[in-house]
Amino acid sequence: MNIAPVPAGHLLPPIFVPPAARAPFACRPETSRGRLYAEAESATRSCYQRDRDRIIHSTAFRRLKHKTQVFVQHEGDYYRTRLTHSLEVAQIARSMARLLAVDEDLAEALSLAHDLGHTPFGHAGEEALNRAALRIGGFDHNAHALRLVTKLEHRYAAFDGLNLTWETLEGLVKHNGPLQQTEAGPPGPIVEFDRTWPLDLNSWPGAEAQIAALADDIAYVNHDIDDALRAGLFSVDDLVGAPLAGAMAMAVIDRYGDLELGRFIGEIVHRLMTCLIDDVLAESRRRLADADPQSAAAVRLLACGIIGLSAEMSEKLAELKDFLFAHMYRHPRVTESMDVAKRIVTELFGALIDNPRLLPPDWNAAISRANDSNAARLVSDYIAGMTDRFAILEHQRIFGGDVDLRFSQP
(Lines give C-alpha, C1' and ligand atoms only; values in the text may rest on other atoms or scores of the structure.)
Protein backbone atom coordinates (compact mmCIF):
# COMPACT_ATOMS: atom_id res chain seq x y z
CA MET A 1 0.00 0.00 0.00
CA ASN A 2 1.36 3.43 -0.93
CA ILE A 3 1.36 5.57 2.21
CA ALA A 4 3.55 8.41 0.99
CA PRO A 5 1.87 11.83 1.16
CA VAL A 6 1.10 13.44 -2.17
CA PRO A 7 3.81 16.06 -2.80
CA ALA A 8 2.94 19.66 -1.92
CA GLY A 9 1.92 21.71 -4.90
CA HIS A 10 0.32 18.92 -6.88
CA LEU A 11 -2.06 20.25 -9.50
CA LEU A 12 -5.69 19.32 -9.85
CA PRO A 13 -6.98 18.24 -13.26
CA PRO A 14 -7.71 21.20 -15.53
CA ILE A 15 -11.50 20.67 -15.47
CA PHE A 16 -11.60 22.06 -11.92
CA VAL A 17 -11.44 25.86 -11.93
CA PRO A 18 -10.57 27.48 -8.55
CA PRO A 19 -12.51 30.60 -7.51
CA ALA A 20 -10.92 33.74 -8.91
CA ALA A 21 -11.49 36.14 -6.02
CA ARG A 22 -9.49 34.41 -3.32
CA ALA A 23 -7.33 36.28 -0.83
CA PRO A 24 -3.58 35.60 -0.93
CA PHE A 25 -3.68 34.19 2.63
CA ALA A 26 -6.39 31.62 1.84
CA CYS A 27 -5.66 27.91 1.77
CA ARG A 28 -5.50 26.92 -1.88
CA PRO A 29 -6.59 23.47 -3.06
CA GLU A 30 -4.12 23.55 -5.94
CA THR A 31 -1.21 23.83 -3.49
CA SER A 32 -2.56 21.52 -0.79
CA ARG A 33 -0.03 19.37 1.04
CA GLY A 34 -2.13 16.47 -0.16
CA ARG A 35 -3.31 13.25 1.46
CA LEU A 36 -1.49 10.63 3.50
CA TYR A 37 -2.37 7.95 0.95
CA ALA A 38 -1.82 9.00 -2.65
CA GLU A 39 -5.03 9.26 -4.69
CA ALA A 40 -5.95 10.74 -8.02
CA GLU A 41 -7.96 13.87 -7.30
CA SER A 42 -11.41 14.59 -8.72
CA ALA A 43 -11.75 16.39 -12.03
CA THR A 44 -14.86 18.24 -10.89
CA ARG A 45 -14.33 18.93 -7.18
CA SER A 46 -11.51 20.58 -5.29
CA CYS A 47 -9.73 18.47 -2.69
CA TYR A 48 -11.51 20.43 0.07
CA GLN A 49 -14.91 19.85 -1.51
CA ARG A 50 -14.06 16.18 -1.61
CA ASP A 51 -13.10 16.26 2.08
CA ARG A 52 -16.44 17.85 2.91
CA ASP A 53 -18.30 15.19 0.97
CA ARG A 54 -16.40 12.37 2.65
CA ILE A 55 -17.23 13.81 6.06
CA ILE A 56 -20.93 14.11 5.24
CA HIS A 57 -21.07 10.49 4.05
CA SER A 58 -19.17 9.11 7.05
CA THR A 59 -20.74 6.93 9.71
CA ALA A 60 -19.51 9.26 12.44
CA PHE A 61 -21.35 12.21 10.89
CA ARG A 62 -24.65 10.31 10.69
CA ARG A 63 -24.38 9.38 14.35
CA LEU A 64 -24.37 13.06 15.34
CA LYS A 65 -28.13 13.20 14.78
CA HIS A 66 -28.62 11.15 17.96
CA LYS A 67 -25.90 12.72 20.10
CA THR A 68 -26.69 15.27 22.78
CA GLN A 69 -25.77 18.92 22.45
CA VAL A 70 -27.22 19.96 25.84
CA PHE A 71 -30.55 18.13 25.89
CA VAL A 72 -30.81 14.36 25.65
CA GLN A 73 -32.33 13.45 22.30
CA HIS A 74 -35.65 12.12 23.59
CA GLU A 75 -36.41 15.39 25.39
CA GLY A 76 -37.96 16.79 22.23
CA ASP A 77 -37.58 17.19 18.50
CA TYR A 78 -36.98 20.94 18.59
CA TYR A 79 -33.76 20.91 20.60
CA ARG A 80 -30.36 20.87 18.93
CA THR A 81 -28.31 17.74 18.48
CA ARG A 82 -24.65 17.57 17.50
CA LEU A 83 -25.80 17.22 13.89
CA THR A 84 -28.03 20.29 13.75
CA HIS A 85 -25.37 22.26 15.62
CA SER A 86 -22.73 21.24 13.06
CA LEU A 87 -24.97 22.33 10.20
CA GLU A 88 -25.51 25.73 11.82
CA VAL A 89 -21.78 26.14 12.37
CA ALA A 90 -21.13 25.28 8.72
CA GLN A 91 -23.60 27.91 7.53
CA ILE A 92 -22.01 30.65 9.63
CA ALA A 93 -18.46 29.61 8.70
CA ARG A 94 -19.22 29.49 5.01
CA SER A 95 -20.74 32.97 5.10
CA MET A 96 -17.75 34.44 6.92
CA ALA A 97 -15.28 32.61 4.68
CA ARG A 98 -16.95 34.08 1.61
CA LEU A 99 -16.78 37.62 3.01
CA LEU A 100 -13.12 37.21 3.93
CA ALA A 101 -12.32 35.64 0.53
CA VAL A 102 -10.89 32.39 1.84
CA ASP A 103 -11.77 28.81 0.90
CA GLU A 104 -15.44 28.27 1.76
CA ASP A 105 -15.29 24.52 1.19
CA LEU A 106 -12.46 23.99 3.66
CA ALA A 107 -14.23 26.15 6.25
CA GLU A 108 -17.40 24.12 5.71
CA ALA A 109 -15.60 20.78 5.92
CA LEU A 110 -13.96 21.75 9.21
CA SER A 111 -17.26 22.97 10.63
CA LEU A 112 -19.03 19.73 9.74
CA ALA A 113 -16.19 17.67 11.24
CA HIS A 114 -15.49 19.67 14.40
CA ASP A 115 -17.82 17.62 16.65
CA LEU A 116 -17.28 14.16 15.15
CA GLY A 117 -15.30 13.03 18.17
CA HIS A 118 -17.89 13.81 20.83
CA THR A 119 -19.24 11.09 23.10
CA PRO A 120 -22.91 10.38 23.79
CA PHE A 121 -24.54 12.74 26.31
CA GLY A 122 -22.52 15.84 25.43
CA HIS A 123 -19.87 17.21 27.75
CA ALA A 124 -21.15 15.05 30.62
CA GLY A 125 -20.35 11.93 28.62
CA GLU A 126 -16.91 13.24 27.71
CA GLU A 127 -16.16 14.10 31.33
CA ALA A 128 -17.12 10.60 32.45
CA LEU A 129 -15.16 8.87 29.69
CA ASN A 130 -12.12 11.05 30.33
CA ARG A 131 -12.16 10.07 34.00
CA ALA A 132 -12.70 6.38 33.25
CA ALA A 133 -9.83 6.35 30.72
CA LEU A 134 -7.24 8.20 32.81
CA ARG A 135 -4.84 5.24 32.72
CA ILE A 136 -4.46 5.73 28.96
CA GLY A 137 -4.23 9.50 29.14
CA GLY A 138 -7.95 10.19 29.31
CA PHE A 139 -10.27 11.10 26.47
CA ASP A 140 -10.25 14.22 24.28
CA HIS A 141 -12.92 14.73 21.62
CA ASN A 142 -10.55 16.45 19.17
CA ALA A 143 -8.07 13.59 19.44
CA HIS A 144 -10.89 11.10 18.96
CA ALA A 145 -12.12 13.00 15.89
CA LEU A 146 -8.65 12.58 14.42
CA ARG A 147 -8.76 8.84 15.17
CA LEU A 148 -12.13 8.60 13.48
CA VAL A 149 -11.07 10.24 10.22
CA THR A 150 -7.64 8.58 10.06
CA LYS A 151 -8.30 5.11 11.49
CA LEU A 152 -11.78 4.13 12.68
CA GLU A 153 -13.88 4.92 9.61
CA HIS A 154 -13.77 1.87 7.32
CA ARG A 155 -15.21 3.00 3.98
CA TYR A 156 -12.34 2.38 1.59
CA ALA A 157 -10.55 -0.82 0.63
CA ALA A 158 -7.10 0.77 0.25
CA PHE A 159 -6.80 2.54 3.61
CA ASP A 160 -8.33 3.15 7.01
CA GLY A 161 -10.08 6.45 7.68
CA LEU A 162 -11.24 9.04 5.17
CA ASN A 163 -7.80 10.06 3.86
CA LEU A 164 -8.54 13.77 4.24
CA THR A 165 -6.13 16.49 3.14
CA TRP A 166 -3.41 17.79 5.42
CA GLU A 167 -5.19 21.14 5.77
CA THR A 168 -8.42 19.52 6.96
CA LEU A 169 -6.58 17.33 9.48
CA GLU A 170 -4.58 20.33 10.69
CA GLY A 171 -7.71 22.41 11.13
CA LEU A 172 -9.57 19.59 12.86
CA VAL A 173 -6.80 19.24 15.45
CA LYS A 174 -5.78 22.89 15.86
CA HIS A 175 -8.90 24.96 15.21
CA ASN A 176 -8.65 26.41 18.72
CA GLY A 177 -4.99 27.32 18.27
CA PRO A 178 -1.51 25.78 18.66
CA LEU A 179 -1.42 22.68 20.83
CA GLN A 180 2.11 22.75 22.21
CA GLN A 181 1.40 25.99 24.08
CA THR A 182 -0.66 24.06 26.61
CA GLU A 183 1.04 22.85 29.77
CA ALA A 184 -0.02 19.23 29.36
CA GLY A 185 0.78 19.07 25.65
CA PRO A 186 -1.34 17.45 22.93
CA PRO A 187 -3.32 14.27 23.68
CA GLY A 188 -1.63 10.97 22.90
CA PRO A 189 -3.56 10.08 19.70
CA ILE A 190 -2.62 13.44 18.19
CA VAL A 191 1.05 13.02 19.09
CA GLU A 192 1.00 9.50 17.65
CA PHE A 193 -0.41 10.66 14.32
CA ASP A 194 1.91 13.67 14.25
CA ARG A 195 4.87 11.28 14.24
CA THR A 196 3.51 9.70 11.07
CA TRP A 197 2.56 12.94 9.32
CA PRO A 198 3.51 16.17 11.15
CA LEU A 199 0.67 18.65 11.55
CA ASP A 200 2.85 21.56 12.75
CA LEU A 201 1.22 21.44 16.17
CA ASN A 202 3.02 24.51 17.50
CA SER A 203 1.65 26.87 14.85
CA TRP A 204 -1.73 28.42 14.19
CA PRO A 205 -3.97 26.73 11.62
CA GLY A 206 -5.11 28.40 8.43
CA ALA A 207 -7.71 31.16 8.41
CA GLU A 208 -10.46 28.70 7.45
CA ALA A 209 -9.98 26.66 10.63
CA GLN A 210 -9.97 29.82 12.74
CA ILE A 211 -13.23 30.87 11.09
CA ALA A 212 -14.78 27.47 11.91
CA ALA A 213 -13.80 27.88 15.58
CA LEU A 214 -15.46 31.31 15.82
CA ALA A 215 -18.53 30.01 13.98
CA ASP A 216 -18.80 27.26 16.61
CA ASP A 217 -18.86 29.84 19.42
CA ILE A 218 -21.41 32.01 17.65
CA ALA A 219 -23.69 29.11 16.81
CA TYR A 220 -23.82 27.45 20.21
CA VAL A 221 -24.36 30.64 22.21
CA ASN A 222 -27.29 31.57 20.01
CA HIS A 223 -28.94 28.18 19.83
CA ASP A 224 -28.43 27.52 23.53
CA ILE A 225 -30.40 30.67 24.28
CA ASP A 226 -33.08 29.39 21.90
CA ASP A 227 -33.19 25.92 23.45
CA ALA A 228 -33.08 27.16 27.05
CA LEU A 229 -35.98 29.57 26.55
CA ARG A 230 -38.07 26.86 24.88
CA ALA A 231 -37.26 24.44 27.70
CA GLY A 232 -38.12 26.97 30.38
CA LEU A 233 -34.67 26.84 31.98
CA PHE A 234 -34.75 30.62 32.18
CA SER A 235 -37.34 33.21 31.22
CA VAL A 236 -37.47 36.22 28.94
CA ASP A 237 -37.19 38.39 32.05
CA ASP A 238 -34.02 36.52 33.03
CA LEU A 239 -32.57 37.11 29.57
CA VAL A 240 -33.24 40.84 29.83
CA GLY A 241 -30.73 40.88 32.69
CA ALA A 242 -28.10 38.90 30.79
CA PRO A 243 -24.88 40.43 29.43
CA LEU A 244 -24.83 41.32 25.71
CA ALA A 245 -28.13 39.65 24.82
CA GLY A 246 -30.05 41.53 27.52
CA ALA A 247 -29.95 44.89 25.73
CA MET A 248 -31.14 43.18 22.55
CA ALA A 249 -33.98 41.49 24.40
CA MET A 250 -35.05 44.83 25.84
CA ALA A 251 -34.94 46.44 22.40
CA VAL A 252 -37.17 43.70 20.96
CA ILE A 253 -39.68 44.13 23.81
CA ASP A 254 -39.67 47.92 23.43
CA ARG A 255 -40.35 47.70 19.71
CA TYR A 256 -42.77 44.75 19.50
CA GLY A 257 -44.24 44.38 22.97
CA ASP A 258 -45.39 40.94 24.10
CA LEU A 259 -44.36 38.60 21.28
CA GLU A 260 -45.04 34.89 21.08
CA LEU A 261 -41.92 33.01 22.20
CA GLY A 262 -40.87 31.74 18.77
CA ARG A 263 -40.90 35.23 17.27
CA PHE A 264 -39.07 36.68 20.27
CA ILE A 265 -36.36 34.01 19.99
CA GLY A 266 -36.03 34.63 16.26
CA GLU A 267 -35.49 38.35 16.83
CA ILE A 268 -32.90 37.77 19.57
CA VAL A 269 -30.95 35.17 17.60
CA HIS A 270 -30.95 37.35 14.49
CA ARG A 271 -29.64 40.38 16.37
CA LEU A 272 -27.07 38.56 18.46
CA MET A 273 -25.73 36.49 15.59
CA THR A 274 -25.43 39.54 13.36
CA CYS A 275 -23.67 41.49 16.09
CA LEU A 276 -21.09 38.76 16.68
CA ILE A 277 -20.46 38.04 12.99
CA ASP A 278 -20.06 41.73 12.19
CA ASP A 279 -17.55 42.06 15.00
CA VAL A 280 -15.54 39.04 13.80
CA LEU A 281 -15.42 40.44 10.28
CA ALA A 282 -14.38 43.93 11.39
CA GLU A 283 -11.74 42.71 13.84
CA SER A 284 -10.36 40.12 11.42
CA ARG A 285 -10.05 42.66 8.63
CA ARG A 286 -8.18 44.97 11.03
CA ARG A 287 -5.77 42.18 11.99
CA LEU A 288 -5.30 41.18 8.35
CA ALA A 289 -4.53 44.75 7.36
CA ASP A 290 -1.93 45.01 10.14
CA ALA A 291 -0.25 41.64 9.49
CA ASP A 292 -0.70 41.59 5.70
CA PRO A 293 -0.07 37.83 5.32
CA GLN A 294 0.60 36.90 1.71
CA SER A 295 0.04 33.17 2.04
CA ALA A 296 -1.62 30.55 4.22
CA ALA A 297 1.87 29.65 5.45
CA ALA A 298 2.31 33.23 6.66
CA VAL A 299 -0.93 32.98 8.65
CA ARG A 300 0.41 29.88 10.40
CA LEU A 301 3.61 31.68 11.42
CA LEU A 302 1.87 34.60 13.13
CA ALA A 303 2.19 34.94 16.89
CA CYS A 304 -1.58 35.08 17.39
CA GLY A 305 -4.77 34.21 15.56
CA ILE A 306 -5.71 36.29 12.53
CA ILE A 307 -9.47 35.65 12.89
CA GLY A 308 -11.17 36.74 16.08
CA LEU A 309 -13.50 38.93 18.05
CA SER A 310 -12.49 42.35 19.30
CA ALA A 311 -11.30 42.53 22.91
CA GLU A 312 -14.48 44.31 23.95
CA MET A 313 -16.77 41.79 22.27
CA SER A 314 -14.73 38.85 23.60
CA GLU A 315 -15.29 40.12 27.13
CA LYS A 316 -19.02 40.57 26.56
CA LEU A 317 -19.33 37.11 25.02
CA ALA A 318 -17.46 35.57 27.96
CA GLU A 319 -19.93 37.22 30.33
CA LEU A 320 -22.85 35.85 28.31
CA LYS A 321 -21.31 32.37 28.46
CA ASP A 322 -21.06 32.72 32.24
CA PHE A 323 -24.77 33.56 32.31
CA LEU A 324 -25.58 30.46 30.26
CA PHE A 325 -23.34 28.31 32.42
CA ALA A 326 -25.18 29.36 35.56
CA HIS A 327 -28.71 29.42 34.16
CA MET A 328 -28.58 26.52 31.68
CA TYR A 329 -25.63 24.14 31.86
CA ARG A 330 -25.72 24.04 35.68
CA HIS A 331 -29.48 24.17 35.97
CA PRO A 332 -30.64 21.39 38.34
CA ARG A 333 -32.87 19.89 35.64
CA VAL A 334 -29.86 19.54 33.33
CA THR A 335 -27.37 18.31 35.93
CA GLU A 336 -29.87 15.75 37.24
CA SER A 337 -30.11 14.20 33.78
CA MET A 338 -26.38 14.44 33.11
CA ASP A 339 -25.48 12.74 36.41
CA VAL A 340 -27.35 9.68 35.15
CA ALA A 341 -25.56 9.97 31.80
CA LYS A 342 -22.15 10.00 33.52
CA ARG A 343 -23.07 6.85 35.41
CA ILE A 344 -24.06 5.09 32.20
CA VAL A 345 -20.73 5.89 30.50
CA THR A 346 -18.65 5.00 33.56
CA GLU A 347 -20.39 1.67 34.10
CA LEU A 348 -20.21 0.76 30.41
CA PHE A 349 -16.46 1.39 30.35
CA GLY A 350 -15.88 -0.76 33.43
CA ALA A 351 -18.04 -3.61 32.16
CA LEU A 352 -16.46 -3.71 28.69
CA ILE A 353 -12.92 -3.55 30.07
CA ASP A 354 -13.67 -6.42 32.46
CA ASN A 355 -15.48 -8.53 29.87
CA PRO A 356 -14.65 -7.69 26.22
CA ARG A 357 -16.91 -10.56 25.12
CA LEU A 358 -19.78 -8.13 25.68
CA LEU A 359 -18.53 -6.22 22.64
CA PRO A 360 -19.51 -7.02 19.03
CA PRO A 361 -17.34 -9.80 17.52
CA ASP A 362 -15.11 -7.50 15.42
CA TRP A 363 -14.34 -5.24 18.40
CA ASN A 364 -13.77 -8.22 20.69
CA ALA A 365 -11.39 -9.75 18.14
CA ALA A 366 -9.42 -6.48 17.89
CA ILE A 367 -9.13 -6.24 21.67
CA SER A 368 -7.95 -9.85 21.93
CA ARG A 369 -4.95 -8.89 19.77
CA ALA A 370 -4.15 -5.71 21.72
CA ASN A 371 -2.12 -5.02 24.83
CA ASP A 372 -3.84 -3.58 27.92
CA SER A 373 -3.34 0.05 26.92
CA ASN A 374 -4.56 -0.44 23.35
CA ALA A 375 -7.49 -2.52 24.61
CA ALA A 376 -8.58 0.32 26.86
CA ARG A 377 -8.27 2.77 23.95
CA LEU A 378 -10.46 0.51 21.81
CA VAL A 379 -13.12 0.36 24.53
CA SER A 380 -12.95 4.15 24.74
CA ASP A 381 -13.35 4.35 20.95
CA TYR A 382 -16.36 2.05 21.05
CA ILE A 383 -18.16 4.03 23.76
CA ALA A 384 -17.33 7.38 22.15
CA GLY A 385 -18.96 6.20 18.95
CA MET A 386 -22.26 5.43 20.64
CA THR A 387 -25.33 7.58 20.20
CA ASP A 388 -27.30 8.53 23.30
CA ARG A 389 -29.99 5.94 22.72
CA PHE A 390 -27.54 3.15 21.83
CA ALA A 391 -25.59 3.82 25.05
CA ILE A 392 -28.85 3.55 27.00
CA LEU A 393 -29.76 0.30 25.24
CA GLU A 394 -26.29 -1.17 25.81
CA HIS A 395 -26.48 -0.28 29.49
CA GLN A 396 -29.87 -1.95 29.75
CA ARG A 397 -28.56 -5.05 27.94
CA ILE A 398 -25.58 -5.41 30.26
CA PHE A 399 -27.02 -4.24 33.58
CA GLY A 400 -30.77 -4.64 33.14
CA GLY A 401 -33.39 -2.20 34.39
CA ASP A 402 -34.62 1.04 32.86
CA VAL A 403 -32.66 4.29 32.66
CA ASP A 404 -34.60 7.56 32.79
CA LEU A 405 -32.73 10.59 31.45
CA ARG A 406 -35.73 12.85 31.03
CA PHE A 407 -35.64 16.22 32.76
CA SER A 408 -37.81 16.52 35.83
CA GLN A 409 -40.55 19.09 35.44
CA PRO A 410 -40.05 22.57 36.95
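Up top is the structure.
Source: prediction; values computed, not measured.

Draft legend 1. Broad picture of the overall build of the protein. Across its full length, the protein holds 18 helices and zero strands. Taken against the 2.2 N^0.38 rule, which gives 22 Å for 410 residues, the C-alpha radius of gyration of the protein at 22 Å falls within 12% of a compact globule. Seen through its principal axes, the protein has C-alpha atoms that stretch 65 × 60 × 40 Å. Per-residue burial for the protein yields a buried fraction of 54% across its 410 residues. Relative to all contacts within the protein whose residues are 6 or more apart in sequence, the contacts with residues 24 or more apart total 73%. Only carbon and sulfur atoms are counted for the fraction: they give 52% of the accessible area of the protein, which is about 18000 Å². Put simply, the protein has 43 plus and 56 minus side-chain charges, and the middle of one group is 5 Å from the middle of the other.

Draft legend 2. Region of the structure containing helix α11 (residues 245-256). The end-to-end C-alpha distance of α11, which contains 12 residues, comes to 16 Å, matching closely the 16 Å that a straight helix rising 1.5 Å per residue would cover. On its buried side, α11 packs onto α9 (207-231), α10 (236-240), α12 (261-291) and α14 (311-329).

Draft legend 3. Main features of the packing of helix α3 (residues 82-99) against α9. Interhelical geometry of α3 versus α9 gives an angle of 130 degrees and a closest axis separation of 8 Å. Compared by their axis directions, α3 and α9 come out oblique. As for how α3 packs across α9, the hand of that crossing is right-handed. From α3, His85, Glu88, Val89, Ile92, Ala93, Met96 and Ala97 reach across to α9, where they touch Ile211, Ala212, Leu214, Ala215, Asp216, Ile218, Ala219, Tyr220 and His223. Of the residues contributing to the contact of α3 with α9, the split by class is 12 nonpolar, two polar and two charged.

Draft legend 4. Quick peek at unusual backbone geometry. A positive phi angle, near 60 degrees, is found at Ala101, a position not held by glycine. Its place among the elements puts Ala101 in the loop between α3 and α4 (104-113). In this structure, Leu244 takes a positive phi of about 65 degrees despite not being glycine. Along the chain, Leu244 falls in the loop between α10 and α11. Residue Leu244 is classed as buried on the basis of its relative accessible area of 15%.

Draft legend 5. Here's a closer look at the nonpolar core. Grouped together as the largest cluster of nonpolar side chains are 82 residues, with contacts concentrated most on Met96, Ile225, Leu239, Leu272, Leu320 and Ile383. If we skip the residues at most four places from it in the chain, Met96 touches Ile211, Leu214, Ala215, Ile218, Ile277, Val280 and Leu281. Membership of the second largest hydrophobic core comes to 30 residues, among which are Leu116, Leu146, Leu162 and Leu179.

Draft legend 6. Up close: a positive patch on the surface. Positive charge collects at one region of the surface, where Arg62, Arg63, Lys65, Arg155 and Arg389 lie side by side. In this fold, Arg155 is placed in the loop between α6 (141-152) and α7 (166-174). Take Arg155: its relative accessible area is 40%, and that puts it in the partly exposed class.

Draft legend 7. Highlighting the side chain of Arg82. Topologically, Arg82 is positioned in helix α3. Arg82 gets classed as buried once you look at its relative accessible area, which sits at 2%. For Arg82, the side chain forms a polar contact with the side chain of Asp115, separated by 3.0 Å.

Draft legend 8. Looking closely at the packing of aromatic side chains. The full count for this structure, using the stated rule, is five aromatic pairs. Centroid distance Tyr37 to Phe159: 5.4 Å. Interplanar angle 5 degrees. Geometry classified as stacked. A residue pair is termed long-range when its members are at least 10 positions apart, and Tyr37 in the segment before α1 (47-56) and Phe159 in the loop between α6 and α7 qualify at 122 residues. As far as burial versus exposure is concerned, Tyr37 and Phe159 are alike and both buried. Consider the rings of Phe325 and Tyr329, whose centres lie 6.4 Å apart with planes at 75 degrees: the pair is edge-to-face. In this pair, Phe325 and Tyr329 both sit in helix α14, four residues apart, roughly one turn of the helix. Judged by relative accessible area, which is 42%, Phe325 ranks as partly exposed. By the ring-pair criterion, three or more aromatic residues cluster together here, those being Tyr37, Tyr156 and Phe159. Here Arg33 stacks its cationic end above the ring of Trp166, 3.7 Å away from the centre of that ring.

Rules used throughout
Once a new chain begins, its residue numbering starts again from 1 and follows that chain's sequence as written. With the structure being a predicted model, the display of local features is reserved for residues of pLDDT at least 70 and the display and counting of side-chain atom pairs for 80 or more, all residues being used for whole-chain, interface and lining totals. Calculated side-chain values reflect all of the structure's heavy atoms, with hydrogen atoms and water omitted. What counts as a helix is a DSSP run of H or I of at least four residues, what counts as a strand is a run of E of at least two, and both are numbered from the N terminus. Our radius of gyration is a C-alpha quantity, and the globule rule it is checked against amounts to 2.2 Å times the number of residues to the power 0.38. For every residue, the accessible area obtained with a 1.4 Å probe (protein chains only) is divided by the maximum for its type, and the residue is called buried under 20%, exposed over 50%, and partly exposed between those limits. Only heavy atoms enter the contact rule, under which two residues are in contact if any of them lie within 4.5 Å. For accessible areas, the Shrake-Rupley method is used with a probe of radius 1.4 Å. Any residue's cover is judged against the shown protein chains and nothing else. Asp and Glu count as negative and Lys and Arg as positive, but His and the ends of the chain are not part of the count. Note on charges: their place is set at NZ of Lys, CZ of Arg, CG of Asp or CD of Glu. For a helix, the expected span equals 1.5 Å multiplied by the residue count minus one. Interaxial angles span 0 to 180 degrees and are taken between N-to-C directions of axes, which are lines fitted to C-alpha atoms, for helices over the stretch in contact. In this scheme, roughly parallel covers angles under 35 degrees and roughly antiparallel covers those over 145, while 65 to 115 is roughly perpendicular and the rest are oblique. Left-handed describes a crossing whose near helix is turned anticlockwise from the far helix by less than a right angle; the clockwise case is right-handed. Gly falls in the polar group here, along with every residue not listed as nonpolar (Ala, Val, Leu, Ile, Met, Phe, Trp, Tyr, Cys, Pro) or charged (Asp, Glu, Lys, Arg). Put simply, buried Ala, Val, Leu, Ile, Met, Phe, Trp, Tyr and Cys residues joined by side-chain atoms within 4.5 Å make one nonpolar core. Residues enter a patch when their relative accessible area is above 30% and they make no salt bridge; the linking distance is 9 Å between like charges and 5 Å between nonpolar side chains (Val, Leu, Ile, Met, Phe, Trp, Tyr). Each salt bridge in this description consists of a side-chain nitrogen of Lys or Arg and a carboxyl oxygen of Asp or Glu lying within 4 Å of one another. We define a polar contact as two N or O atoms separated by no more than 3.5 Å, with the added condition that, inside protein, one atom must be a possible hydrogen donor and the other a possible acceptor, whereas residues neighbouring each other in sequence contribute only through side-chain atom pairs. Aromatic pairing here means that ring centres of Phe, Tyr or Trp (its six-membered ring) are within 6.5 Å. Orientation follows from the plane angle: under 30 degrees is stacked, over 60 is edge-to-face, and everything else is tilted. The rule for a charge over a ring is simple: NZ of Lys or CZ of Arg within 6 Å of the ring centre, and within 35 degrees of the ring normal.

Scope: geometric values only; no functional claims are made or implied.
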